[in-house]
Amino acid sequence: MSARKSATQLALVSTWKKDRYAFGGSLLRNSHAKTKRPFSKKLAVHLVLRSSHATGPRSLLRQGRRVDEILIEEARKQNLKLHGAANAGNHLHLLVQAPSRDHLNAFLRAVSSRISMLVTGARKGTPQTQALSKHAAASARFWDQRPFSRLVSVGRDFMNTLAYISLNSTESAGFSRSSARAMFREIRERFARGEITRSPGLAAAGFV
């Protein structure tokens, strides 16, 4: 992990604990969830879905395009704004804004279930799918904990979080900074020509 990424991550973790706007993930290791996930329709939410099972042939990167499609499809169904997303192989970073708590919860249920089914190869009508269709069972089977979430304030916090997600996306793809700059220049040119369509990764990198 680079010094820049490490410093950014530590700053974000400090904010999560200090402001009490965070929920889920490792925060639930030593206790049961007794409060609702913090929510505000006026603020974006930084989400992290992590799976220790998503390695090797089950890495989320192997299904990167389909994972992006699922995120976009479910965001549209729930009328969410998907500001950005980064696929780091064994976890996903998302920055979303939902019109209601119910819409956000429905999005999380659908995304976690569909992605786990995609990666594990479960299909409708099989015993595995019947278990995965129950969201608590799906979380216990594939995802490590319930999704982590943190409310993101407007302005600097939002931009820092988006930059952090972009950094995760670039480093998980194995690009050096110089290679990433060259790649970004090419993407900007192709995006301007209409050769590339919108995706969560491009949004996280600041192209749209």
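This text gives an overview of the structure that appears in the document. (Residues numbered from 1 in each chain as written. Predicted model: local features only at pLDDT ≥ 70, side-chain atom pairs only at ≥ 80, totals over all residues. Heavy atoms only, no water.)

Things to note about the pattern of salt bridges
Per the counting criterion, the structure on display carries six salt bridges. In this structure, Glu-74 engages Lys-77 in a salt bridge whose closest nitrogen and oxygen atoms are separated by 3.3 Å. Here Glu-74 pairs with Lys-77, and both are found in helix 2 (residues 64-77), just three residues apart, close to one helical turn. A relative accessible area of 4% means that Glu-74 is categorised as buried. Two residues, Arg-150 and Asp-157, come together in a salt bridge whose shortest N-O distance is 3.1 Å. Comparing Arg-150 with Asp-157, the two get one shared label, buried. (Salt bridge = Lys/Arg side-chain N within 4 Å of Asp/Glu carboxyl O. Helix = DSSP H or I, 4+ residues; strand = E, 2+ residues; numbered from the N terminus. Buried < 20%, exposed > 50% of the residue type's maximum accessible area, 1.4 Å probe, protein only.)

Points about the nonpolar core
One finds Leu-47, Val-96, Phe-107 and Ile-115 to be the most contacted residues of the largest nonpolar core, which totals 26 residues. At the level of secondary structure, the elements contributing two or more residues to this core comprise strand 2 (44-50), helix 2, strand 3 (81-87), strand 4 (91-97) and helix 3 (101-120). Among the elements that line this core, the one with the most residues is helix 3, at six residues. Not counting residues up to four positions away in its chain, the partners in contact with Leu-47 are Leu-92, His-93, Leu-94, Val-96, Leu-104, Phe-107, Leu-108, Phe-148 and Ser-149. Core analysis: the second largest hydrophobic core is formed by seven residues, Leu-95, Phe-158, Leu-162 and Ile-165 among them. (Core = buried A, V, L, I, M, F, W, Y, C linked by side-chain atoms within 4.5 Å. Contact = heavy atoms within 4.5 Å.)

Things to note about helix 2
Over its 14 residues, helix 2 runs 20 Å from end to end, which matches the ideal 20 Å to within 8%, given 1.5 Å per residue. When helix 2 is considered as a whole, its buried residues turn out to be Gly-64, Val-67, Ile-70, Leu-71, Ile-72, Glu-74 and Ala-75. Looking one or two places after helix 2, you find Asn-79, whose phi comes out positive at around 60°. (Expected span 1.5 Å × (residues − 1).)

A short note on helix 3
Given a rise of 1.5 Å per residue, 20 residues ought to cover 28 Å, and the 28 Å separating the end C-alpha atoms of helix 3 matches this to within 8%. Gly-121 sits one or two positions beyond helix 3 and adopts a positive phi of about 80°.

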